[in-house]
Amino acid sequence: MLRLSAIGDTCHAAAALRALQAAWPTTRFTWIIGKLEAKLMSAILPNVEFITFEKRAMTRELLRLRGVLKERRFDLLLDLQLSIRASLVSTLISSPAKLGFDRARARELQWLFTNAQVAPAASQHVLDSFLGFVRACGIDPGAPAWDITLPSGALDYAARLIPDERATLVISPCSSHPARNWSAWRYAAVADHAVRIHGMRVILAGGRSEEERRMGALIEAAAGADARTKSSIVNQIGKDTLPELLALLSKATVLVSPDSGPVHMATMVGLPVVGLYAATRAARAGPYYSRQWCVDKYDDAARTIFGNPGETLPWTKKIERPGVMDLIDVQEVTDKLDALIAQSKIR
C-alpha cells in the first residue's frame, strides 16, 4: 500500500487496510508511508511492515528506497496517493498489478503509473474513495472500523490527564493549513461555555510548531477572565506524541477542531467531533461518523468568495482564503456541543 501523507488520510487508509487484513488474514502487508505518519500507524497496526519515506529529501529518499525495494516482489500495489512524488515511488515497486484511481479522479497523471483502476465514483468522502480499493479486490469492506490497540504508555499518559469520569472537551485548534484555523477568542468562548454549562474539563492539544504554541497561549489568555474556566483548561500543545494524543482522544468526551488530522484520529477511536468547516467540505473531508455534528459553512464561503453555491464548485475545491473561517459563529459551535451532549446524556 502506498500512502505517504497526511495524518488524516493515513487514518482513512488504515480503515481500508484493516478491511483487507480481515478478509485476507494470511496476507503480508507492506505500507510505504511518510516518516511522521509512521510514528502513529506503526504504534497501532499489528502485522504490517512499514517502509518510511521522507518527502522533504525526495531525491535522496528515492535512491534509498530503490535499494530497499530492489529485490522485493509484491502481488499487488494499492496506490492511494495522487501526487507525482508518490507516482515516482510507485515506479520502484515491482508488482504485476498496480491499482490506482479511475481516470477521472487520477490527478497529477497517476493513470500513467497504474495498470488497473477502481470503479468510477463522484462526490465521495475520502475514506469511501479508499474503500473503493477494497471493493476492487472483491471484498465488501462493510462499515469502516479500525479495531486498534493503543500502547500502554500512551494510555498511561491519557489517564494522567483524564483521571476520573469528568466530561472532557479536547480542543485541537490548528490545521496544517492556517486558512482553516478559527480565531483564538472563539475557541476560548467555546471552552468557557463547556466549563460553565457542562462542567467540563478542557484540554488543548496540538503539535510543536510555533503557530500551534502561539494559538494555545492566545486561547489561555482569552479564557483567563473567568477564574473557573482558567482553572479548568490544561494546555498540552506540543507536549505529547501522536500515539499519546490518540489515547487522549480515546478517553475524552468530544473533540472540537477544524479540518485536521486529529479529527480523523478521533474517528478511529470512536470520539464524536464538532468539526469546523468552511475552507473545505465536511461531506468530503469531515469526521466520518460525526458529520452531523459539524458546523459546515462551505456553501456560505463559496457564495461569499465566488458568488456561486458550493455545489457548483469542483468536489475537491478548497476555499482556503484569509478570514473564511470567521463565517462560523461561536453559538453555532456551542449549539452543536449542547446537542451532542444532550443526545449522549453526558453531564
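Each remark here, short or long, concerns the structure printed above.
Residues numbered from 1 in each chain as written. Predicted model: local features only at pLDDT ≥ 70, side-chain atom pairs only at ≥ 80, totals over all residues. Heavy atoms only, no water.

J.: Before we move on, could you go through the sheet that holds strand 5 (residues 116-117) and cite the residues and values that matter?
T.: Reading across the sheet, the 3 strands line up as 3-4-5 and stay open at both edges, with parallel pairing between neighbours. A strand with exactly one partner marks an edge of an open sheet, and here the two such strands are strand 3 (77-78) and strand 5. Alignment of strand 4 (residues 98-100) against strand 5, held across 2 bridges, turns out to be parallel. Along strand 5, the bridge assignment pairs Leu 99 with Ala 116. (Pairing = 2+ DSSP bridges. Helix = DSSP H or I, 4+ residues; strand = E, 2+ residues; numbered from the N terminus.)

J.: Explain the nonpolar core residue by residue, including any values.
T.: Across soluble globular proteins, you tend to see nonpolar side chains buried next to one another. Counting residues in hydrophobic clusters, the biggest one holds 62 residues, and the most contacted among them are Trp 31, Met 41, Ile 44, Leu 45 and Leu 248. Among the elements that take part in this core, helix 1 (residues 7-23) stands out by supplying 9 residues, more than any other. When sequence neighbours within four positions are dropped, the list of residues in contact with Leu 45 reads Ala 14, Leu 17, Arg 18, Trp 31, Phe 50 and Ile 148. Counting 41 residues, the second largest nonpolar core, distinct from the first, contains Trp 293, Val 295, Val 324 and Val 333. (Core = buried A, V, L, I, M, F, W, Y, C linked by side-chain atoms within 4.5 Å. Buried < 20%, exposed > 50% of the residue type's maximum accessible area, 1.4 Å probe, protein only. Contact = heavy atoms within 4.5 Å.)

J.: Residue-level account of a positive patch on the surface, with values.
T.: Taken together, the side chains of Lys 35, Lys 39, Arg 60, Arg 208, Arg 213 and Lys 239 define a basic patch exposed on the protein surface. Tracing the sequence through the fold places Lys 239 in the loop between strand 8 (233-235) and helix 10 (242-251). Since its relative accessible area comes to 52%, Lys 239 is described here as exposed. (Patch = residues over 30% accessible without salt bridge, like charges linked within 9 Å, V, L, I, M, F, W, Y side chains within 5 Å. Areas by Shrake-Rupley, 256 points an atom, 1.4 Å probe, with all protein chains shown as cover. Salt bridge = Lys/Arg side-chain N within 4 Å of Asp/Glu carboxyl O. Lys, Arg positive; Asp, Glu negative; His and termini not counted. Charge placed at Lys NZ, Arg CZ, Asp CG, Glu CD.)

Functional significance is not addressed by these values, which are geometric in nature.
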